[in-house]
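Fold and geometry: a report
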2 protein chains.
Amino acid sequence: MRYSKQRELIYGIIKATSTHPTANWIYQAAREKMATISLGTVYRNLDQLALEGMIKVISEGNIARYDWNTVSHQHLRCSVCGKMSDIEIPDRQLIKSIKHSHQFDVEKIEMIFMGICSEHN
Amino acid sequence: MRYSKQRELIYGIIKATSTHPTANWIYQAAREKMATISLGTVYRNLDQLALEGMIKVISEGNIARYDWNTVSHQHLRCSVCGKMSDIEIPDRQLIKSIKHSHQFDVEKIEMIFMGICSEHN
DNA sequence: ATTTATATAGTAATGATTCCTATTACTTAT
DNA sequence: ATAAGTAATAGGAATCATTACTATATAAAT
Ligand SMILES: [Mn+2]
Ligand SMILES: [Mn+2]
Ligand SMILES: [Zn+2]
Ligand SMILES: [Zn+2]
């Protein structure tokens, strides 16, 4: 993967937000810094960054979201304001018990907790 | 929600499989019994059945899947064969601890454990 | 049987994502 | 510094899942 200023811009935009943005959100933000950047470039770079493990893809729901936080964590999503926030769920024991009960080797976990956040209850 | 033989057919198809089928899979199966059924009808009925709580929607990934099993459970997905199987994860304690640590009221949980199933490791 | 309203088939539209291709621009070697 | 080789880009077309539209059909109530 060789350098490009488009990728640097895209990665910078992701690192600067905690909103778990969509590809289109990132594209709009990128256009403000580089008017000619294309949506295809955004998608391609998001895929590459994810492949390199520099960002994570959250694929729950019909629109993919992207996350600069690559350490193991899960998400809370508020059904009122739509905000998605991080939560750490210890999963060592869980992975072990799934291995024992189902002979299934867990490699990746995606959890979404939907409900009402602290600002809306 | 008034009776229609299309909905009865669709619901029957979902109840008869454990594959967590997509809308298109259900559509293809339905066409074999009722040649003129339309994809729009399948989607509309899936939405209605979900609204009535008769089926569950699994919205991880870019394609929605449907589940006749409406009791609280989660899913394992094998990255080799693609099979999606059920797993029960006790969540009472988890919901309670999220309430305490994040003041977040969990209403719905969606967990996907990706990895290798017992037939492929 | 008549009325009323919901459901359907068929098709068009939408929205997210992927694919295609000529051009551009990093990178390495000369 | 120049050239060659190749990965990356812009822009647009194509794809795929899902939703919207609308005239017709059919369940349900009277
Ligand atoms: Mn996160
Ligand atoms: Mn299930
Ligand atoms: Zn909220
Ligand atoms: Zn498998």
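Here's what I pulled together on the structure shown here. Residue numbers restart at each chain and count upward from 1, following the sequence in its written direction. Here the convention is simple: chains get letters from A, ligands get numbers from 1, in the order in which they are written. In keeping with the model being predicted, local features are shown solely for residues with a pLDDT of at least 70 and side-chain atom pairs are shown and tallied solely at 80 or more, while totals for entire chains, interfaces and linings include all residues. Based on all heavy atoms of the structure, the side-chain values leave hydrogens and waters out of the count.

**Observations concerning the relation of the copies chain A and chain B**
Structural alignment of chain A on chain B gives an RMSD of 0.1 Å, achieved by rotating through 180° and translating 0.0 Å along the axis. Such a turn and shift between the copies fits a two-fold axis. Here 100% of the interface residues in chain A have copies in chain B that are interface residues too; the copies meet face to matching face. Our superposition of the copies is a least-squares fit, built on the C-alpha atoms of residues whose pLDDT is at least 70 in both. Residues are treated as being in contact if the distance between any of their heavy atoms lies within 4.5 Å.

**Some points on the interface of chain A and chain B**
Interfaces are often described in size by the accessible area the parts lose on coming together. Listed by partner, the interface residues are 31 residues for chain A and 31 residues for chain B. The term buried area refers to how much accessible surface (probe radius 1.4 Å) is lost by two components on association, counted for both of them together. With both chains or domains summed, chain A and chain B bury close to 2600 Å², and 63% of this area falls on carbon and sulfur atoms. Three residues stand out in chain A for area buried against chain B, namely A:Phe104, A:Phe113 and A:Met114, and they jointly supply 23% of the buried area on that side. For this analysis, a salt bridge means a side-chain nitrogen from Lys or Arg found within 4 Å of a carboxyl oxygen belonging to Asp or Glu. Counting across the interface, chain A meets chain B through zero salt bridges. Whenever two N or O atoms come within 3.5 Å, that pair is a polar contact, provided that in protein one can donate a hydrogen and the other can accept it, and provided that, for residues adjacent in sequence, both atoms are side-chain atoms. One can count 18 residue pairs in polar contact (both at pLDDT 80 or more) joining chain A with chain B.

**Structural notes on the protein's contact with DNA strand D**
We call a residue near a molecule or strand as soon as one heavy atom of that residue lies within 4 Å of the molecule or strand. Taken together, 19 residues sit near DNA strand D, with A:Arg2, A:Ser4, A:Thr41, A:Arg44 and B:Tyr43 positioned nearest. For DNA strand D, the backbone portion of the atoms within 4 Å of the protein, that is sugar and phosphate, comes to 68%. Note that a phosphate oxygen of DNA strand D is positioned 3.2 Å from one of the side-chain N or O atoms of A:Asn45. In the environment of DNA strand D, a phosphate oxygen lies 3.2 Å from a nitrogen or oxygen atom belonging to the backbone of B:Tyr3. Elements with a contribution of two residues or more to the surface near DNA strand D: helix H1 (5-15) and helix H3 (39-51) of chain A together with helix H3 (39-51) of chain B. Each helix corresponds to a stretch of at least 4 residues labelled H or I by DSSP, and each strand to a stretch of at least 2 residues labelled E; elements are numbered beginning at the N terminus. Top element by residues in the surface near DNA strand D is H3(A). It accounts for four residues. Taken together, the residues of the surface near DNA strand D sort by class into seven nonpolar, eight polar and four charged. Residue polarity follows a fixed list, in which Ala, Val, Leu, Ile, Met, Phe, Trp, Tyr, Cys and Pro are nonpolar, Asp, Glu, Lys and Arg are charged, and the others, Gly among them, are polar.

**Details of the protein's contact with DNA strand C**
The full set close to DNA strand C counts 18 residues, and A:Tyr43, B:Arg2, B:Ser4, B:Thr41 and B:Arg44 are the nearest of them. A distance of 2.3 Å is found between a phosphate oxygen of DNA strand C and a side-chain nitrogen or oxygen belonging to A:Tyr43. The backbone of B:Ser38 places a nitrogen or oxygen atom 3.2 Å from a phosphate oxygen of DNA strand C. Those elements that provide at least two residues to the surface near DNA strand C are H3 of chain A together with helix H1 (5-15) and H3 of chain B. No other element matches H3(B), which puts four residues into the surface near DNA strand C. Considered class by class, the residues forming the surface near DNA strand C number seven nonpolar, seven polar and four charged.

**Points about the coordination of the manganese ion (ligand 1)**
All names here are of chain A. Donor atoms (N, O, S) are those found within 2.8 Å of the metal centre, with the cutoff raised to 3.2 Å for Na, K and Ca; water is not part of the atom list, so apparent gaps in a site can occur. At the metal site, the manganese ion (ligand 1) is ligated by His20 (NE2), Asp67 (OD), His73 (NE2), His75 (NE2) and Asp86 (OD), and these contacts range over 2.0 to 2.3 Å. The class of Asp67 is buried, set by a relative accessible area of 3%. You can call Asp86 partly exposed: its relative accessible area is 30%. With a 1.4 Å probe rolled over the protein chains alone, any residue whose accessible area is under 20% of its type maximum counts as buried; one over 50% counts as exposed, and the rest are partly exposed.

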